[in-house]
Amino acid sequence: MMDLENVKYSNSRGQFKIQQMVFVLIAVMILFGIVSVFFVSIRFGSLKSGVEDQRKEAVFEQVRKMAGTPEFIWTSSESCASCVDMDKLILLKNRTSYKGFWKDISLLKVSRVYPAYTGECTLGSYPECNSITLVQGDNYESYESFVSLCRYDGEIGGTRCEMGKIIMGFEGVK
Amino acid sequence: MNKDKRGQEEIVGFVLIVVLVVVIFVIFLGIRLRSPEPAQKESEIVYQFLESSMEQTTDCVLSQNSRNVVMDDLIKECYSSNNLCSSGETACGEVEDTMKKILNNTWKVGVDYLYKGYIVKANYFVNSSNQEQNEEVFLITQGNCDNSFIGNSYWIPEFPGSIIVDVKLCS
């Protein structure tokens, strides 16, 4: 003869055990879920910064392409894609016909890095000056690219190229 | 009494599982944070810097009635013969001096700046494809550098091999 009281007790205990196991499994899964979310968020964070870096590199490349335009390029002797003609630029700066030529650009400037001088170039101070500004607006984000600033130097009787940079500012680029 | 003991055993088991998972998680996190993958990126801006600095006209005139030498030619001169400039400075001395001045005017490095240091080195390779190193041409270092940097290389052909100028900007 079966003891019914003991069978009932055994059944409810089994159910309790199953419940316990389910709770443990859920807790472990939640824990792994949190870890996964944490890991994925770190991964996506680095991916986002990588994309941002690549976008910036592309902009730097675009800015440098300005050095290859006819208004900027140094075409004297050897081919040099990154050489800018400073003599051309100082003359271009005072040309009224070039006003509004560079549309959608809020800042366009070349600046010497080495040797260091100070002040904006004028026909009087050139070449012992630091920068030539062709366009100066406001509300822009600027990007810089390294170029060589070349000119004829009477003192050495030939070409002198110096380290410089092109700075371009674009309106509304954030 | 027996029921109580079994209950206690189950709680201990549960706690053990949780502790085990937490320990695994902490070890994983510790490994990830302690040895981050070296962030070494090829940088367009560093390449632009290298290309432009190689066009720099230096103060070195190697022989009478000749013109001032540009940086990449002076680096070749430094490797091949290290002749004296008309100022009395050696070609290698002039390369290092000019390069240091350019670097100082381009990037401020230190604890308070975006870049903590830089390493600029030029090596001559007989066979550049398998990077068989032959000779160091020059080395300029400033600040602190660990395994996180942006950098790039510039090749100067010098028969039968080439000189490779490397710049590493450490962050």
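Residues numbered from 1 in each chain as written. Chains lettered and ligands numbered in written order. Predicted model: local features only at pLDDT ≥ 70, side-chain atom pairs only at ≥ 80, totals over all residues. Heavy atoms only, no water.

### Some points on the side chain of Arg64 of chain A
Part 1 of the argument: On the secondary structure map, Arg64 of chain A appears in helix α1 (residues 4–65).
Part 2 of the argument: Within the structure, Arg64 of chain A has its side chain in polar contact with the backbone oxygen of Phe146 of chain A (distance 2.8 Å).
Part 3 of the argument: For Arg64 of chain A, the contacting residues outside a window of four places in its chain are Ser82, Ser145, Phe146 and Val147 of chain A together with Gln48, Glu51 and Ser52 of chain B. (Helix = DSSP H or I, 4+ residues; strand = E, 2+ residues; numbered from the N terminus. Polar contact = N/O pair within 3.5 Å; in protein donor to acceptor, adjacent residues only side chain to side chain. Contact = heavy atoms within 4.5 Å.)

### Quick look at the packing of aromatic side chains
Residues and elements named next belong to chain A.
Part 1 of the argument: The tally for this structure, following the rule as stated, stands at eleven aromatic pairs over all chains.
Part 2 of the argument: Taken together, a centroid distance of 5.0 Å and an interplanar angle of 90° make the contact between Phe101 and Trp102 edge-to-face.
Part 3 of the argument: With a relative accessible area of 12%, Trp102 lands in the buried category.
Part 4 of the argument: Each residue in the set Phe72, Tyr98, Phe101 and Trp102 is aromatic and connected to the rest through ring pairs, giving one cluster. (Phe/Tyr/Trp six-rings, centres within 6.5 Å; stacked < 30°, edge-to-face > 60°. Buried < 20%, exposed > 50% of the residue type's maximum accessible area, 1.4 Å probe, protein only.)

### Quick notes on the pairing of strand β6 (residues 149–158) of chain B
Residues and elements named next belong to chain B.
Part 1 of the argument: Of all the ten residues making up β6, seven are buried; the element is thus mostly covered by neighbouring parts of the structure.
Part 2 of the argument: Two strands pair when backbone bridges link them, and β6 and strand β7 (residues 161–170) are joined in this way by ten bridges, in the antiparallel orientation. Counterpart to Ile156 in the pairing with β7 is Ile163. (Pairing = 2+ DSSP bridges.)

### Things to note about the domain arrangement of chain A
All names here are of chain A.
Part 1 of the argument: Examined at the domain level, chain A breaks down into domain 1 (1–65) and domain 2 (67–170).
Part 2 of the argument: Computed over C-alpha atoms, the centres of domain 1 and domain 2 are 56 Å apart.
Part 3 of the argument: Between domain 1 and domain 2 the total buried area reaches about 790 Å² when both faces are included, carbon and sulfur atoms providing 58% of it.
Part 4 of the argument: Area buried by domain 1 at its contact with domain 2 is led by Phe60, Val63 and Arg64, which between them contribute 67% of it.
Part 5 of the argument: Run the count over domain 1 and domain 2 and you get zero salt bridges. (Domains from an automatic or database assignment. Buried area = accessible area lost by both parts, 1.4 Å probe. Salt bridge = Lys/Arg side-chain N within 4 Å of Asp/Glu carboxyl O.)

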